[in-house]
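# Coordinate analysis (summary)
Each chain, written out:
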Amino acid sequence: MSAYSDRTNEIVEVCLLAGKVMLESGGETYRVEDTMMRIAASFGIPRSHSYVTPTGIIFSIDKKNSTQFIRISERSTDLQKVALVNSISRRISNGELTLEEAYEQLKEVEAQKFAYPLWLQVIAAAIASGCFAVMLGGGWSNFLPSLLSGGTGFYCFEMIHRLIKIRFFAEFFASFVAGGMALLMMMAGLGEDLGKMMIGSVMPLVPGLAITNAVRDLMAGHLIAGLSRGAEAFLTAFAIGSGIALILSIR
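Here the structure is a predicted model, which means the values were calculated and not measured.

What follows is about the overall build of the protein. When its secondary structure is counted, the protein shows 10 helices and three strands. Its helices and strands in sequence order give the protein the pattern α-α-β-β-β-α-α-α-α-α-α-α-α, from N to C terminus. For the protein, buried positions account for 43% of its 251 residues. Contacts in the protein between residues at least 24 apart in sequence constitute 65% of all its contacts with a sequence separation of at least 6. For the protein, the computed accessible surface area is about 13000 Å², with 63% contributed by carbon and sulfur atoms.

Below is the structure:
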């Protein structure tokens, strides 16, 4: 019998913390469930059950009065945290970490901020926008205006999202600003293909990770999680398209 068999509540807390960090950082639901059950098994609980959706985690243990639920309200993309939790899980499975050490390391990962500073994210989004415009056949004449409009749109997205926690509005206004910038630069004689410029400028806003995770969850049999992530990605795409459509309607 494991030395941790009489510390069920603490084991559940460690499992929930690992799942929470992974889900908030963009991890797939099936990966979160697998990680939580592996951690529980490593600490002497071979029969555990987890039910994960993008907005909540339920975890329980057979023959124990221990079922807990946590709500997930904030989700972002920080795959380094996902990788770190996976690494901690593997070390737990190898017997390299005690229950206390695992909990402390998970708390450290949760508290850390691995995201790049905003100015660097804006620069990366701007360069990506210009490169997408060229890659899509717009030519180098559209690189600079796409770079400027894409960087401005991404900056607006980050600023608006900090004020309004509803992503739909942030993405709508960001695409509207990016499309408006592209249109203004086209009218000023910068750039030759408005369509390519607009497409390039909104590419940093496209929910690529959400779409990928939705497909992977569906393929893994997590239908509710896959459909909810797919709906979230659809709303994001709809918001981006609505912003650009509004600009084109007042052109």
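Before going further, it helps to spend a moment on the nonpolar core. Grouped together as the largest cluster of nonpolar side chains are 30 residues, with contacts concentrated most on Met36, Ile57 and Phe59. Elements supplying a minimum of two residues to this core: α1 (8-24), α2 (29-42), β2 (56-61), α3 (79-93) and α4 (99-111). In terms of residue count, the dominant contributor to this core is α1 (10 residues). Not counting the four nearest positions on each side in its chain, Phe59 is found in contact with Val12, Cys15, Leu16, Met36, Ala40, Ser48, His49, Ser50, Ser66, Thr67 and Gln68.

Where strand β1 (residues 48-53) and β2 come together, six bridges link them in antiparallel fashion. Residue pairing for β2: Thr53 is matched across the bridge by Gly56.

The next thing to look at is the pattern of salt bridges. Inspection of every chain in the model, using the stated rule, returns 10 salt bridges. Across the pair Lys20 and Glu110 runs a salt bridge whose closest N-O atoms are separated by 2.8 Å. Taken as a pair, Lys20 in helix α1 and Glu110 in helix α4 lie far apart in primary sequence, 90 residues in all. Its salt-bridge partner being Lys196, residue Asp193 comes within 3.6 Å of it at the nearest N-O pair. On the basis of relative accessibility, which here comes to 27%, the residue Asp193 falls in the partly exposed class. According to the relative accessible area criterion, Lys196 is partly exposed, its value standing at 24%.

The end-to-end C-alpha distance of α3 is 21 Å, a good match for the 21 Å that 15 residues give at a rise of 1.5 Å each. Taken together, the buried positions of α3 are occupied by Lys81, Val82, Val85, Asn86, Ile88, Ser89 and Ile92. Buried residues along α3 cover an arc of 160 degrees about the axis, so they all sit on one side. On its buried face, α3 sits against α1, α2 and α4. With its phi angle positive at about 75 degrees, Gly95 sits one or two positions after the end of α3.

Rules behind the numbers
- Residues numbered from 1 in each chain as written.
- Predicted model: local features only at pLDDT ≥ 70, side-chain atom pairs only at ≥ 80, totals over all residues.
- Heavy atoms only, no water.
- Helix = DSSP H or I, 4+ residues; strand = E, 2+ residues; numbered from the N terminus.
- Buried < 20%, exposed > 50% of the residue type's maximum accessible area, 1.4 Å probe, protein only.
- Contact = heavy atoms within 4.5 Å.
- Areas by Shrake-Rupley, 256 points an atom, 1.4 Å probe, with all protein chains shown as cover.
- Core = buried A, V, L, I, M, F, W, Y, C linked by side-chain atoms within 4.5 Å.
- Pairing = 2+ DSSP bridges.
- Salt bridge = Lys/Arg side-chain N within 4 Å of Asp/Glu carboxyl O.
- Expected span 1.5 Å × (residues − 1).
- Arc of directions from axis to C-beta.

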